[in-house]
Amino acid sequence: MLDADERITEELKAEIVDAVNKNEDFCYKVSRENHFVQGKVLHGDLRPDRVERLFKKITAHYEGLVHERLHSTSKSRELKGRLIHFPYKSWEIHLDKMNRYSSMVALKYFEKGKKCNFFVDIMIKPYWAFIKVYFIHLGFLDGQLGWNFSVLHYMYTMEKYLKLNSLNKFKGKI
């Protein structure tokens, strides 16, 4: 499974061909790096992650609306090659996605009966999200991109809780 904004390296290509030829029952994970015109991000919220991309259809299926998860009955194995991911072509695209995802997550929380505490969820959690991404996950090592994505993670966190609070108290209205 390859998204339209992902590219495989030559090393990964060779591993995929080998795995397909062997036809063993594994669900293969691949390291995915996020790249942008300004550079690649190796830390913070967009640090490389491992994603399941090679599997037999009969042993796996996806679940969820936001960040769909693959569920496979096959044992997991890792490939060494990398996927190069180009997630956003512009800040507008990234901000639009943040808005959609924060709305979907707020609605999911609301439907599960989750409440929102103004002090904890709207004031503290966004700061913690920034600290975690920028300092603990070393986003500062990615320079300006690391700063930008850390601030946007702060905003996303606050946005989803603002929307949840609004759903709980005012049926989604301001």
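Residues numbered from 1 in each chain as written. Predicted model: local features only at pLDDT ≥ 70, side-chain atom pairs only at ≥ 80, totals over all residues. Heavy atoms only, no water.

**Details of helix α2 (residues 91-111)**
Test applied: Strands here are runs of E lasting at least two residues and helices are runs of H or I lasting at least four, both read from the DSSP assignment and numbered beginning at the N terminus. Multiplying 1.5 Å by the helix residue count minus one yields the expected span of that helix. Residues count as neighbours in contact if any of their non-hydrogen atoms are within 4.5 Å of one another.
In a regular helix each residue adds 1.5 Å, so 21 residues correspond to 30 Å; α2 covers 30 Å between its end C-alpha atoms and thus fits that length. For α2, the elements touching its buried residues are α4 (143-170).

**Some remarks on the packing of aromatic side chains**
The test is simple: Classification of ring pairs rests on two measures: the distance between centres of Phe, Tyr or Trp rings, Trp counted by its six-membered ring, which must be within 6.5 Å, and the angle between planes, read as stacked under 30 degrees, edge-to-face over 60 and tilted in between. The rule is short: NZ of Lys or CZ of Arg within 6 Å of the ring centre and within 35 degrees of the ring normal puts a charge over the ring.
One pass over the structure, following the stated rule, counts 13 aromatic pairs. An angle of 85° between the planes, with centres 6.3 Å apart, marks the rings of Phe130 and Phe135 as edge-to-face. Judged by centre distance (5.4 Å) and plane angle (80°), the ring pair of Phe130 and Trp147 falls under edge-to-face. Here Phe130, found in helix α3 (residues 118-136), pairs with Trp147, found in helix α4; they are 17 residues apart in sequence, far enough to count as distant. Taken together, the ring pairs in this structure connect Phe130, Tyr134, Phe135, Phe140 and Trp147 into an aromatic cluster. Taking the ring centre of Phe26 as reference, the NZ or CZ of Arg77 above it sits at 3.7 Å.

**Overview of the nonpolar core**
So the rule is basically this: Among buried residues, the Ala, Val, Leu, Ile, Met, Phe, Trp, Tyr and Cys ones that are joined through side-chain atoms within 4.5 Å form a nonpolar core. The classification of residues rests on relative accessible area computed with a 1.4 Å probe and restricted to protein chains. Under 20% of the type maximum is buried, over 50% is exposed, and intermediate values are partly exposed.
One finds Phe36, Val41, Phe149, Tyr161 and Leu164 to be the most contacted residues of the largest nonpolar core, which totals 18 residues. Broken down by secondary-structure element, the contributors of at least two residues to this core are α2 and α4. With seven residues, α4 is the largest single contributor of residues to this core.

**Re a nonpolar patch on the surface**
What counts, and what does not: Any residue with relative accessible area above 30% and no salt bridge may belong to a patch, with like charges joined within 9 Å and the nonpolar Val, Leu, Ile, Met, Phe, Trp and Tyr side chains within 5 Å. All accessibility values rest on the Shrake-Rupley procedure with a 1.4 Å probe; residue burial counts only the protein chains present in the view. Salt bridge, as used here: a side-chain nitrogen of Lys or Arg that lies within 4 Å of a carboxyl oxygen of Asp or Glu.
Residues Tyr127, Trp128, Ile131, Phe135, Ile136, Leu138, Phe140 and Leu141 make up a contiguous nonpolar surface patch of about 800 Å² in total accessible area. Relative to the elements of secondary structure, Leu141 occurs in the loop between α3 and α4.

That is the geometry; function is a separate question.
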